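# Coordinate analysis (summary)
Chain residues, written in single-letter form:
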Amino acid sequence: MREDAELLRQYAQSGSETAFAELVTRYLPLVYAAALRQGRGDQALANDVAQTVFIDLARKASSLLERKLLAGWLYSSARLAASKAVRGDRRRQLRERI
């Protein structure tokens, strides 16, 4: 199994889709579970959050090359993105009631 740093470097430097796909396959369960917990069991929200997190990873890949633990960044990003989505959903529901 290749290291996360190596996969991330391959993606950041050459745009390797296989390297990125391997990272997604490896960490999707972690990101989805964190988003599902933070989103209070909302599966649609967890799907959206997971997609957002991996889009952010693709955009920020070159700035994350020095990170020791990619899993920590992904978990934190999932929690923050889910929290933001939950707040946005609450605000939307409140506006709809008014």
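This text gives an overview of the structure that appears in the document. Remember, predicted model here, so these are calculated numbers, not experimental data.

Looking only at helices and strands, the chain has four helices and zero strands in total. Along the chain direction, N to C, the helices and strands of the chain fall in the order α-α-α-α. Across its three principal axes, the chain shows a C-alpha extent of roughly 50 × 20 × 20 Å. Looking at the chain residue by residue over its 98 residues, the buried ones come to 32%. Taking the contacts inside the chain whose residues are at least 6 apart along the sequence as the reference set, 55% of them involve residues at least 24 apart. Roughly 6,600 Å² of accessible area belongs to the chain as shown, and the carbon and sulfur atoms make up 50% of that amount. Counting 17 positive and 11 negative side-chain charges, the chain places the centres of these two groups 9 Å from one another.

Considering the arrangement of structural elements, one finds leucine 70 in helix α4 (residues 70-97). Taking the C-alpha atoms as reference points, leucine 70 and glutamine 38, separated by 32 residues in sequence, lie 20 Å from one another.

Here the focus is the nonpolar core. Judged by nonpolar contacts, the single largest core of 27 residues is most densely connected at Leu8, Leu57, Leu70 and Leu74. Of all elements in the fold, only α1 (4-14), α2 (17-38), α3 (43-60) and α4 reach the threshold of two or more residues within this core. Excluding anything up to four places from it in sequence, leucine 70 contacts Asp4, Leu8, Leu23, Tyr27 and Leu57.

Reading guide: rules and limits
Residues numbered from 1 in each chain as written. Predicted model: local features only at pLDDT ≥ 70, side-chain atom pairs only at ≥ 80, totals over all residues. Heavy atoms only, no water. Helix = DSSP H or I, 4+ residues; strand = E, 2+ residues; numbered from the N terminus. Buried < 20%, exposed > 50% of the residue type's maximum accessible area, 1.4 Å probe, protein only. Contact = heavy atoms within 4.5 Å. Areas by Shrake-Rupley, 256 points an atom, 1.4 Å probe, with all protein chains shown as cover. Lys, Arg positive; Asp, Glu negative; His and termini not counted. Charge placed at Lys NZ, Arg CZ, Asp CG, Glu CD. Core = buried A, V, L, I, M, F, W, Y, C linked by side-chain atoms within 4.5 Å.

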